[in-house]
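Chain residues, written in single-letter form:
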Amino acid sequence: MKILAIDTATDETSAGVVEDTKILSNIVWSQASLHAKWGGVVPSLAQRQHEERIDWVIEKAMKEAKVKYQELDAVAVTGGPGLAIALGVGIDRAKKLAKKHKLPLIAVNHIEGHILSPLGIPKTKKEIANKLGFPAVAITASGGNTTLTLVEKIGKYRVLAQTMDDALGEALDKGARMLGLGYPGGQVLEEMAKEGKVVYSLPLPLAGRRDLDAFSYSGLKTAMLRLIEKKGTLKKTDIENLAASFQDMAFKHLINVSFRIISKHKKEGVKDLLIGGGVGANIELRKRLRKTAKDLGLRIWFPYSKKLYTDNAAMIGVAAYFKAKRNEFVKPEKIDREARAKVDGKFSFEM
Ligand code: KG4
C-alpha cells in the first residue's frame, strides 16, 4: 500500500511516501533558522513558510519515491497536535490532493507518528512491525511533547505520564538559550555537555513526589537560570559544565520516572520499548535508555535514521498505513485541525 504523507505540525514542512512501513522518501524542510532569531517558533511565520514550501516538499517526495499519483492508495496528514495555523496548511493540501486524485484520506495524530517511528524501515529491509509484542511502552520526547505511553496495540494507546509544563526538548532549548547557544539548542547543548563535567548540583524534578506519574522541567529551568545569574560571566568550561549538569538532570528525571512507571506495568507483560521524538537523537540519552531497557528486561526500538526522530512526514505515513489497514479513513469535508489532539483518543471529526 503506497501512501503520500504530509506533516506541518510546527516548524518543519514535510512530505514523504511510504509503501506499507517502508520509507520510499522523507523530505523535510526545516524552518529552524528562520525562527532562530526570535528564540522560538513564530506561528504566523511558520504558516507562511509552510505555504511557500508545501508543494515543493510534496513534489520532491513523489519524485524521490519514484511514485506517480495514480499509483498511490491514500493521502495522509497530521491532524494534530501542533500549531493550528501550521496544521491547517498541510490539511488543506492533503484535502485538495485527495479530491483531485480521488484518493482516500487518513488523519494521523502527530504523537502516534513519533511513537511508531521506530517501525519505519528502509526500502531494502524486511518488515519489523510484526516482531513487536503487546502491550509495549513508548517514550516520546520532542520539542512539543514528553509522553510515556502504553501501547496496548497499534492504534490503542494509554498515556501513562506526560509533562506538567515544558516538554523535554523545549526545556533543553531554553537551557541552551540561557547559555547563549542559540535556538533550537538541544543538539548544541549535547555537544557542549560532551566536553563538560557534571559539577553543579541542580535539583532533580519532582524528587519528593514518587506518587506523581508526570514529568516537569520548569523547576530545573529556574534553578539553572539562578545558577547562571549567580555565576555572572561564563567561561567556555563553565558553559560546558553547566550544559553537562543541566542535561544530566533533565535525562535523569525522564529515566527515573519512566523506569518507575514501566516497572509497575511489567506484570502486564510489557516486553518492548519504543523511542521517538527529536531528543531521542541525543547519544547520551540513547545510551541511558539502552541501559534502562536492559535493567527492565525490555527490547528497545529506535528510529533507523536521524530524520525519523525529529518532525517528519514518513512517520505519519507509517502510522497511516496501520490506520488504513483498520479502515480508518476520514471524509475530506470532515477533517479539521485539532491543535490539542490526544494520542489516547480519536480526533473529534473521526467520532
Ligand atoms: O521531534 P521534534 O522535531 O519536535 C518538535 O518540533 O516538537 O524535536 C525537536 C526537539 C528540539 O527541542 C531540539 O532541541 C531537540 O528536539 N533535539 C535534541 C537533539 N536533536 C534535536 N535534543 C537533544 N539532543 C539532540 N541531539
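Residues numbered from 1 in each chain as written. Predicted model: local features only at pLDDT ≥ 70, side-chain atom pairs only at ≥ 80, totals over all residues. Heavy atoms only, no water.

**Student:** Any chance you could explain the packing of helix H5 (residues 168-178) against helix H8 (residues 236-265) here in plain terms?
**Tutor:** Packed helices, taken two at a time, are described by the angle their axes make and the gap between the axes. Interaxial distance between H5 and H8 falls to 11 Å at its minimum, and their mutual angle equals 170 degrees. One finds that H5 runs roughly antiparallel with respect to H8. Contacts from Leu 168, Ala 171, Leu 172 and Gly 175 in H5 reach Phe 246, Ala 250, Phe 251 and Leu 254 in H8. In terms of residue class, the contact of H5 with H8 is built from 7 nonpolar, 1 polar and no charged. (Axes fitted to C-alpha atoms, helices over the stretch in contact; angles between N-to-C directions. Helix = DSSP H or I, 4+ residues; strand = E, 2+ residues; numbered from the N terminus. Parallel < 35°, antiparallel > 145°, perpendicular 65-115°, else oblique. Contact = heavy atoms within 4.5 Å. Nonpolar A, V, L, I, M, F, W, Y, C, P; charged D, E, K, R; others polar.)

**Student:** Would you explain the pairing of strand S2 (residues 12-19) in this entry?
**Tutor:** Regular strands place their side chains on alternate faces of the sheet. Burial within S2 is extensive, with 7 of its 8 residues counted as buried. Across 6 bridges, strand S1 (residues 2-7) lies against S2 in antiparallel orientation. Within the sheet, the bridge partner assigned to Ile 3 lies in S2 and is Val 18. As consecutive antiparallel partners, S1 and S2 are separated by 4 residues. Relative to strand S3 (residues 22-30), S2 runs antiparallel, the two being bridged by 8 bridges. Bridged to Glu 19 within S3 is Lys 22. The antiparallel pairing of S2 with S3 creates a hairpin that spans 2 residues between the two strands, and Asp 20 there sits at a positive phi of about 55 degrees. (Buried < 20%, exposed > 50% of the residue type's maximum accessible area, 1.4 Å probe, protein only. Pairing = 2+ DSSP bridges.)

**Student:** Would you take a moment to explain the packing of aromatic side chains for this structure?
**Tutor:** Aromatic ring pairs: the centre-centre distance and the angle between the two ring planes describe each pair. Following the criterion strictly, the structure yields 3 aromatic pairs and no others. Ring plane angle 10 degrees and centroid distance 4.8 Å describe the contact between Phe 347 and Phe 349, whose orientation is recorded as stacked. Phe 349 shares its class with Phe 347; the two are buried. Stacked on the ring of Trp 29, the Lys or Arg Arg 53 has its end atom at 3.8 Å from the ring centre. One cation-aromatic arrangement involves Arg 286 over Phe 302; the distance from NZ or CZ to the ring centre is 6.0 Å. (Phe/Tyr/Trp six-rings, centres within 6.5 Å; stacked < 30°, edge-to-face > 60°. Lys NZ or Arg CZ within 6 Å of the ring centre and 35° of its normal.)

**Student:** Can you walk me through the pairing of strand S4 (residues 74-80) in this structure?
**Tutor:** Across the 7 residues of S4, 7 count as buried, placing the element largely inside the fold. In this sheet, S4 lies alongside S1 in parallel orientation, the contact comprising 4 bridges. By the bridge assignment for S4, Ala 5 is matched with Ala 76. Summarising the sheet, S4 and strand S5 (residues 105-109) pair through 5 bridges and their orientation is parallel. Bridging from a neighbouring strand, Thr 78 pairs with Val 108 of S5. A crossover links S4 with its parallel partner S5, the connecting element being helix H3 (residues 84-100), and its sense is right-handed. (Right-handed = clockwise from strand over helix to strand, strands pointing away.)

**Student:** Looking at this structure, how should I read the pattern of salt bridges?
**Tutor:** Between side chains of opposite charge, a pair can form when the charged atoms approach closely. Taken as a whole and judged by the stated rule, the model has 21 salt bridges. Of the charged contacts in the structure, one is a salt bridge between Lys 236 and Glu 240, with a shortest N-O distance of 2.8 Å. One end of the pair is Lys 236 and the other is Glu 240, both in helix H8 and 4 residues apart, which spans about a single turn. The closest approach of N and O atoms between Asp 248 and Arg 288, which form a salt bridge, is 2.8 Å. (Salt bridge = Lys/Arg side-chain N within 4 Å of Asp/Glu carboxyl O.)

**Student:** Got a minute to help me understand the site of the ligand in this structure?
**Tutor:** The full set close to the ligand counts 20 residues, and Gly 144, Asp 173, Glu 190, Gly 278 and Asp 311 are the nearest of them. Between the ligand and the protein, one listed contact pairs an oxygen atom with a backbone N or O atom of Gly 169 at 3.1 Å. The contact in question runs from an oxygen atom of the ligand to an N or O atom on the backbone of Gly 186, over 3.0 Å. Contributing elements (two or more residues each) for the shell around the ligand: H5 and helix H6 (186-195). Its residues assigned to classes, the shell around the ligand comprises 4 nonpolar, 12 polar and 4 charged. (Near = heavy atom within 4 Å. Polar contact = N/O pair within 3.5 Å; in protein donor to acceptor, adjacent residues only side chain to side chain.)

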